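# Per-entry structural report
The chain contents come next:
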Amino acid sequence: MKLNQGVHRLQGSLPKIGIRPTVDGRRGGIRESLEDVTMEMAQSAAKFLSDNLRHANGSPVECVVADTCIGGVAEAAQTAEKFARAGVGLTITVTPSWCYPTETMDTDPLMPKAIWGFNGTERPGAVYLAAALSAHNQKGLPAFSIYGEDVQDIGDTTITPDVQAKLLQFAKAGLAVATMKGKSYLSMGSVSMGIAGCIVDESFFQNFLGMRNEYVDMSEFVRRMDLEIYDKAEYELALQWTKANCNEGADVNPPHLQRTREQKNHDWETVVKMTLIARDMMIGNPKLNEIGFGEEALGHNAIAAGFQGQRAWTDHFPNGDFMEAILTSSFDWNGIREPYMVATENDTLNGITMLFGHLLTNATQIFADVRTYWSPKAVKRVTGHELTGLAQNGIIHLINSGPAALDGTGQQSFDGKPAMKPFWEISEEEVQKCLKATTWCPAVDFFRGGGYSTDFTTLGGMPVTMARINLIKGQGPVLQLAEGYTVELPEEVHDKLDQRSNPTWPTTWFVPNLLGEGIFKDVYSVMNNWGSNHCALSYGHIGGELITLAAMLRIPVCMHNVPSERVFQPSAWSAFGAMDPIGADFRACKNFGPLY
């Protein structure tokens, strides 16, 4: 299967990381003695980041190092000019020594910034770090502090593990900020079934994310199907691949509501066309220009999108489940490739949460309803089974009407354990396992126009993070998250619980990591405090990275179970109440305001 690595689908160059070596500008022996070691520190940081980071499309992340050490305002300006021309989207200032903070600092208010002050004794970078952070905070330019726990010798170019972790956490979040800037969210349709998350709040997108909003009516799908505004050759390839790889599941509708074989075959053709059309609307397709549709060939430069579907579309046409599931998966008929972020029911807030997770992990996301809390007592009553292990305190049923990415089966693996991986690490064998673990059931009867729903059960044992952005009147956006694990139930237990909801939809059984107090005192409290009917599920415990990203965008985090040692926010945040970190986050975000 073809691996589509390094394909840049959107307009705008990939952001780079700018490395700023700062130095004591005094000549006559002081600067000269520090020049080489400071530049070596910068080069070491650049190499470490380039070796360990990739963009979501698989391309390596590039670092741009200043031409000279920065000893004063002139060299700071020269570096800023170089970075602007090179497409730098975030900066890391490094130094082993004292420098003049206000003369050497990065003053771009839109650029996420960190300062790494080397922990040494000869000319301690900690002194500059503290002074520079003070200057940033006084001027309203929040910066992240990176300072190693252990003292190193002045010539030691080793990056200690604690510094490595902070460099990566900052860089991943900063790259996400820079990648979103200037891109679009495409609403395909409008509000689904009165779900408030579908209501586009343009001020949120523009002020907090630096994104623009694009809109198309769902009738555009009909127009493009009727006028055949899609690549016909690709359509034939896609339909053939779908017939060969997408196994049709059971039709659970009563006989009088079941569609004929002819109708079902036509539904397959329609949902494949919908998939091509949605992708083309997001990113464009030069093939359309060749058949006389130049405007359509351009697309909307959408880094994320959502499809309304219910009910204006699904009362008459096949549902969007196949389209959403295939687009959000890491593979299709063209090979293994970067997933698209597409939210079902056009839940814009969940779509952006999916985008956050994707940009931080490079892997796809599971879109799900936060459907049911099953207590140990309730499971025992209904099934006779006693929950044990990770599930012993109860489980949350994550399930939705079929759009979850096929990667969510858990059939990919790291070190023999279930995973959802960046697409360039997925093998053809793993793709086939994901496809075989999925069936496509004819849609249930409230999808009056037919279609197919993705049916699978996620394997247990995956570390995952459940997250969601919510908008609160008078407050603005807030992020909530819960790190935990997927779990498996005995087949007969799963079936009894699944039948009480909808057996044709994909299920993920989730348990959060509990803290024994507050919102995370038990599983019920996590479910009871979730702020919406939807969530995005990322592979890995990425709560720390989400908190860092949210701080950069000035979105407070109202609920999390991340250990304090992985919470990394700008140094100014502690000034708003170090003894009350959640409250301090809210106060800091309000004080500094949205990034844009």
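Refer to the structure presented above.
The text that follows walks through the structure, step by step, so that each part is easy to find.

Reading guide: rules and limits
Residues numbered from 1 in each chain as written. Predicted model: local features only at pLDDT ≥ 70, side-chain atom pairs only at ≥ 80, totals over all residues. Heavy atoms only, no water. 1 Å grid on protein atoms, 1.4 Å probe; cavity = no way out; pocket = protein on both sides within 12 Å on 5 of 7 lines; lining within 4 Å. Points joined across faces, edges and corners; volume = space filled by probe spheres on them. Nonpolar A, V, L, I, M, F, W, Y, C, P; charged D, E, K, R; others polar. Helix = DSSP H or I, 4+ residues; strand = E, 2+ residues; numbered from the N terminus. Pairing = 2+ DSSP bridges. Axes fitted to C-alpha atoms, helices over the stretch in contact; angles between N-to-C directions. Contact = heavy atoms within 4.5 Å.

### Here we look at empty space enclosed by the protein
Counted under the stated rule, the structure contains 4 cavities of 30 Å³ or more. Its volume calculated, the largest cavity comes out at about 120 Å³. Forming the walls of the largest cavity are 14 residues, and the residues nearest its centre are M111, P112, P142, R554 and L595. Looking at side-chain class alone, the lining of the largest cavity contains 12 nonpolar, no polar and 2 charged residues. In this structure, the second largest cavity spans a volume of roughly 90 Å³. Among the elements that take part in the lining of the second largest cavity, helix α1 (residues 30-52) stands out by supplying 4 residues, more than any other. Its residues placed into classes, the lining of the second largest cavity shows 7 nonpolar, 3 polar and 2 charged.

### A closer look at unusual backbone geometry
Looking along the chain, the bond that leaves Q310 and enters R311 is cis, with omega of -10°. Locating R311 in the fold gives a position in the loop between β9 (302-307) and α12 (321-328). Of note in the backbone geometry, M193 takes a positive phi value of approximately 50° without being a glycine. Positionally, M193 belongs in the loop between β6 (184-188) and α6 (202-209).

### Remarks on the sheet that holds strand β7 (residues 212-216)
An order of β7-β6-β9-β12 is seen for the 4 strands of this open sheet, with the pairing classed as parallel. This sheet does not close on itself; its edge strands, each paired only once, are β7 and β12 (342-344). The average angle at which neighbouring strand axes cross in this sheet is 20°, direction not considered. Bridge count for β6 against β9 is 5 bridges, and the pairing is parallel. Of the residues in β9, the one forming a bridge with Y185 is A304. Sitting on the sheet, helix α9 (residues 261-283) is in contact with β6, β7, β9 and β12, with an inclination near 140° to β9.

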